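Structural characterization, general
Listed here are the chains, written in short residue letters.
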Amino acid sequence: MKFARRAEDDLGQMDNYQREAVRTASPLADGQLRLAAFALGLCGESGEVADLVKKHVSHGHDLPYAKVTEELGDVLWYVANIANVLGFTLGEIAAQNAEKLRSRYPDGFSSDRSRNR
């Protein structure tokens, strides 16, 4: 892998987090049911994050950073459990995504590269 030592440590921490998240998941018997439950939970928690941002942007509410952080943690929990059901680690997913982004935007984000990819 092309990552620096620090990145490998970060990916390992993600895998450690995933093990903890999986440990705290309800032991539903069927893999399909687990996948559906986790995907629906992800949608719900993502919606909670979106609602907090919407109220901040559209309604003039203060952005409750502690609540946003809590909800983002819930989103991550569901992502970790979906990945587990599918047989992936968060570290693998993060590494694959980072590689895709490096390939797509080798010098950082560019509107031109975004439009012409």
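Residues numbered from 1 in each chain as written. Predicted model: local features only at pLDDT ≥ 70, side-chain atom pairs only at ≥ 80, totals over all residues. Heavy atoms only, no water.

Re the pattern of salt bridges
The following threshold applies: Salt bridges are identified by distance alone: a Lys or Arg side-chain nitrogen within 4 Å of an Asp or Glu carboxyl oxygen. Helix and strand definitions follow DSSP, with helices as H or I runs of at least four residues and strands as E runs of at least two, each counted in order from the N terminus. Summary of the burial criterion: residues with accessible area below 20% of their type's maximum are buried, those above 50% are exposed, and those between are partly exposed, where the area comes from a 1.4 Å probe applied to protein chains only.
On inspection of all chains with the given rule, the structure shows six salt bridges. For glutamate 70, the salt bridge goes to lysine 67, with nearest N and O atoms at 3.6 Å. Note that glutamate 70 and lysine 67 are positioned in helix 3 (residues 65-86) at a spacing of three residues, about one turn of the helix. The class for glutamate 70 is partly exposed, based on a relative accessible area of 46%. Here lysine 67 falls in the partly exposed class, since its relative accessible area comes to 34%. Beyond isolated ion pairs, a larger network of salt bridges with shared partners links Asp51, Lys54 and Lys55.

Description of the nonpolar core
Note the threshold: Buried Ala, Val, Leu, Ile, Met, Phe, Trp, Tyr and Cys residues form a nonpolar core when they are joined through side-chain atoms within 4.5 Å. Any two residues whose heavy atoms approach within 4.5 Å are treated as being in contact.
If you look at the biggest cluster of nonpolar residues, it comprises nine residues: Ala21, Ala25, Phe38, Trp77, Tyr78, Ala80, Ile82, Ala83 and Leu90. Top element by residues in this core is helix 3. It accounts for five residues. For tryptophan 77, the residues in contact, after removing those within four places along its chain, are Tyr17, Ala21, Thr24, Ala25 and Phe38.

Looking at the environment of alanine 83
The residue alanine 83 is located in helix 3 in this model. Take alanine 83: its relative accessible area is 3%, and that puts it in the buried class. Each C-alpha atom, one on alanine 83 and one on aspartate 107, is 29 Å from the other, the two residues being 24 residues apart in sequence. Setting aside residues up to four positions removed in sequence, alanine 83 forms contacts with Gln18, Phe88, Leu90 and Ile93.

Quick look at the confidence of the model for the chain
This is how the line gets drawn: pLDDT measures the predictor's confidence residue by residue and takes values from 0 up to 100.
Per-residue pLDDT for the chain averages 91, and the proportion of residues at 70 or more is 92%. Of all helices and strands in the chain, the one with the weakest mean pLDDT is helix 1 (residues 5-23) (84), whereas helix 3 scores best (97). In this model, residues 1-5 is a region of pLDDT below 50 whose contacts with residues beyond four sequence positions or in other chains number seven contacts.

With respect to helix 4 (residues 90-104)
Keep this limit in mind: Working rule for helices: expected span equals 1.5 Å times residues minus one. Along the arc lie the directions from the helix axis toward the C-beta atoms.
The terminal C-alpha atoms of helix 4, which comprises 15 residues, lie 21 Å apart, in line with the 21 Å expected from a rise of 1.5 Å per residue. Of the residues making up helix 4, those classed as buried are Leu90, Gly91 and Ala95. Projection of helix 4 onto a plane perpendicular to its axis shows the buried side chains occupying an angular sector of 130°, all on one side. Exposed residues on helix 4 whose side chains face more than 90 degrees from its buried face are Gln96 and Ser103.

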